[in-house]
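Residue-level structural notes
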Amino acid sequence: MFTLNMVGEQLRESCSRISVKTEYDCGITNIVLLYPGEKALLPGTLYVGTGEVLAEALDGWDKVTGRMIIVSGDISALSGMLKEEALSYLLSDLEVNRIGNLLMKEFFQYQQWCESVRSDICQKRELPALLRKMAERVHYPILWLNSGYRLIASDVSYSFEDKYISELIYSGTLTSSSVDAMLQKSKRISLQIRGNHGNINAFESFLDTGHYAVVCEMRECHAFLGQIMMISDQEERDGRLIDDVRTLAPFFLQYASMTRGGEYFETSDGYGDLLEDLLEHRLKNKAELVSRTSRLSPPMTPWYRCAVLGFEAEFEIRQERSFLQKLTGAIPRSVVTRYEDEVIVLIRKETSGAPEFDEEELKNLLHRYHACLCLGAQSEFLTSFPAIFRQTRAALRLGMSMEGSELRPIFRAEEYHMYQIIDLCAQYGSNYHGGNLIYLCTPGYSALHRYDLEHHDNLCAIIEAYILNNCNTSQTAKALYLHRNTLINKLARIEEITGVSLDDALGRYRLMFSAMVMKYMEVCRHEDPYDLKYSWNNQEHH
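Thresholds applied
Residues numbered from 1 in each chain as written. Predicted model: local features only at pLDDT ≥ 70, side-chain atom pairs only at ≥ 80, totals over all residues. Heavy atoms only, no water. Helix = DSSP H or I, 4+ residues; strand = E, 2+ residues; numbered from the N terminus. Buried < 20%, exposed > 50% of the residue type's maximum accessible area, 1.4 Å probe, protein only. Contact = heavy atoms within 4.5 Å. Areas by Shrake-Rupley, 256 points an atom, 1.4 Å probe, with all protein chains shown as cover. Core = buried A, V, L, I, M, F, W, Y, C linked by side-chain atoms within 4.5 Å. Patch = residues over 30% accessible without salt bridge, like charges linked within 9 Å, V, L, I, M, F, W, Y side chains within 5 Å. Salt bridge = Lys/Arg side-chain N within 4 Å of Asp/Glu carboxyl O. pLDDT = per-residue confidence, 0-100. Polar contact = N/O pair within 3.5 Å; in protein donor to acceptor, adjacent residues only side chain to side chain. Arc of directions from axis to C-beta. Axes fitted to C-alpha atoms, helices over the stretch in contact; angles between N-to-C directions. Parallel < 35°, antiparallel > 145°, perpendicular 65-115°, else oblique. Left-handed = near helix turned anticlockwise from the far one by under 90°. Nonpolar A, V, L, I, M, F, W, Y, C, P; charged D, E, K, R; others polar. Phe/Tyr/Trp six-rings, centres within 6.5 Å; stacked < 30°, edge-to-face > 60°. Pairing = 2+ DSSP bridges.

Take the overall build of the protein next. Counting its regular elements, the protein contains 19 helices and 16 strands. Residues counted as buried form 51% of the 542 residues belonging to the protein. For the protein, contacts bridging at least 24 residues in sequence account for 61% of all contacts bridging at least 6. As presented, the protein carries roughly 26,600 Å² of accessible surface, and 49% of it is formed by carbon and sulfur atoms.

Rendered as structure tokens:
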């Protein structure tokens, strides 16, 4: 992207002042030398002329759409106009024709360089060679990282001391503390790139080293492809650095999209693409799956566990990058990738039988970021991954509704299998009984539930605890802080109200299922179970 800041570099010896409004600058697509009587009508065009000619050319301008001008000589005719927010300008002592000759030459060279970079991308040149080509017109270090802030390639010809660059060059990655420090004083910025580049996101950071940095990430659909980091030795916002990132970002996106990330860009080193292809049914046959699996790094172990993670609030980009890096550290033998609104974690089984992760460390991390993790089933076959993932994701959403990250950040999908059945009934059984799920409950449990409401008792909670404690009265009494004799009397009252003998295993199962239906209605759907939702209009009368 050819910008006014780049023009300022070429005219710096003759330039007395430059003012660039980045939010209005989408790049220079044309350069026009103005003569008396002409108008400056087009955004994206750089107009060059004397103060008098430019004042006439801007007469009638709406002062909202961005304009870019270079003023040659006296500026008195433009003294009021130069204060406009949407006007970017450069003041030069050179004559108009001299400015035009210099800029046309520079603009032509810039376009040639762009075509050369695009050609290298289309020919799929190696990334280091591509970075060297990019560095021909860039004045700052270029660092290409994966989502875990691991260095993939770099060109650091512009040398100045900075601990972040040193750490990346010598260690190959940024530590969690360095990432946190870098992101502490950061905010999202708009790059204003001409054309449709919705998969490019960026944030700026004012580093504790006294330097200014911009990090720009690339995505294709939901897949993370990589990120550029560039650092300036200025303490304040550096407009030229932002322009260089705006210039390089579309090239990196094109390169990353053409290679689909490949070995360079995936945090999970090939797992992300494969899991997404499995979920989207893109694999042609089993042979292709075997071939793709054989190239995974680290390789698949005979067994893996699928876990799905969700957030109670939407993440900003800087929080997400930091969190995913910490998550990989908290579950060492895992690969992590994003899919839609969740994070997928494949946990490889330890052959030694050691724990999959430190539960307390993981809980603290999830609490900090208001996240929940649902542990799904284990399998040795990736072909079963789509079914396990969807089951685990459904359990995650139910668990987050019923538990919440503050109460319980880690739970297992198997605990919510019955709730998933109830959820399916709710989704696809709306034509039955007006959509009210209380008809799934046994009449005896409904009577017990009504009794609790009318008498402010807790018999429903007692029968649930009794069944979950394998009908052991001592354990149940201890769990409920009740005397054993009190519990026995309560259980007798439950049998009387429900008409169900607690010695009958099938009767206990029906009561437990009914309790789950009630909890689902009250907690997940926030419904009154006794609002029957009866609709006369949908009934046939005979």
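Okay, the nonpolar core next. Judged by nonpolar contacts, the single largest core of 60 residues is most densely connected at Phe 385 and Ile 463. Of the residues forming this core, the biggest block, nine residues, is contributed by helix α19 (residues 505-524). Aside from chain neighbours lying at most four places away, what touches Phe 385 is Leu 275, Leu 278, Leu 279, Tyr 304, Cys 306, Ile 344 and Leu 346. Of all hydrophobic cores here, the second largest spans 55 residues; its members include Leu 191, Tyr 212, Leu 253 and Tyr 255.

What follows is about a nonpolar patch on the surface. Together, Val 156, Ile 169 and Tyr 170 give the surface a local cluster of nonpolar side chains, amounting to about 320 Å² of exposed area. Looking at Tyr 170, the relative accessible area reads 72%, which means it is exposed.

The subject of this paragraph is the confidence of the model for the protein. For the protein, per-residue confidence averages 83 on the pLDDT scale, and residues scoring 70 or more make up 88% of the total. Of all the helices and strands in the protein, helix α8 (residues 262-265) carries the lowest mean pLDDT, 40, while helix α18 (residues 484-498) carries the highest, 94. pLDDT under 50 marks residues 261-268. Its contacts with residues more than four places away, or in other chains, come to 30 contacts. Low pLDDT (under 50) marks residues 534-542, which in the prediction has two contacts with non-local residues, meaning those over four places away or in another chain.

Position of Ser 72 relative to the elements: it lies in strand β4 (residues 67-72). Overall, Ser 72 belongs to the buried group, its relative accessible area being 10%. With residues near it in sequence (within four places) discarded, Ser 72 still touches Gly 49, Thr 50, Gly 51, Ser 92, Leu 94, Glu 95, Val 96 and Ile 99. Polar side-chain contacts of Ser 72 include one of 2.6 Å to the backbone oxygen of Leu 94.

Attention shifts here to the environment of Leu 346. As for its position among the elements, Leu 346 is in strand β14 (residues 342-348). In this structure Leu 346 comes out as buried when scored by relative accessible area, which is 1%. Sequence-wise, Leu 346 and Arg 333 are 13 residues apart; in three dimensions their C-alpha atoms are separated by 8.5 Å. In this view, Leu 346 contacts Tyr 271, Leu 275, Tyr 304, Arg 305, Cys 306, Arg 333, Ser 334, Val 335 and Phe 385; residues no more than four positions away in its chain are not counted.

What follows deals with helix α6 (residues 176-184). Among all positions of α6, only Ser 178, Val 179, Met 182 and Leu 183 are buried. Summarising the axial view, the buried residues of α6 lie within an arc of 125°, below the 170-degree limit, and thus occupy one face. For α6, exposure combined with an orientation more than 90 degrees from the buried face picks out Ser 177 and Gln 184.

A word on the packing of helix α14 (residues 417-428) against α19. Here α14 crosses α19 at 60°, and the two axes come no closer than 10 Å. Between α14 and α19, the angle falls in the class oblique. Along this stretch, α14 crosses α19, giving a crossing that reads as right-handed. Contacts between α14 and α19 pair Met 418, Tyr 419, Ile 422, Asp 423 and Ala 426 from the former with Phe 513, Met 516, Val 517, Lys 519 and Tyr 520 from the latter. Counted by class, the contact of α14 with α19 contains eight nonpolar, no polar and two charged residues.

Within the structure shown, the criterion is met by 10 aromatic pairs. Arranged with centres 5.9 Å apart and planes meeting at 40°, the rings of Tyr 416 and Tyr 419 form a pair that is tilted. Per residue, the accessibility class of Tyr 416 equals that of Tyr 419, and both read buried. Members of the aromatic cluster, each reached through a chain of ring pairs, are Phe 2, Phe 107, Tyr 110, Trp 113 and Phe 251.

Here we take up the sheet that holds strand β13 (residues 334-339). Reading across from one edge, β13-β14-β12-β15-β16 is the order of the five strands in this open sheet, with mixed pairing throughout. Each edge of the sheet is formed by a strand with only one pairing partner; in this case those strands are β13 and β16 (410-412). Adjacent strand axes in the sheet meet at a mean angle of 25° when their direction is disregarded. Direction of pairing for β13 relative to β14: antiparallel, over a ladder of six bridges. If you follow Tyr 339 over to β14, its bridge partner there is Glu 342.

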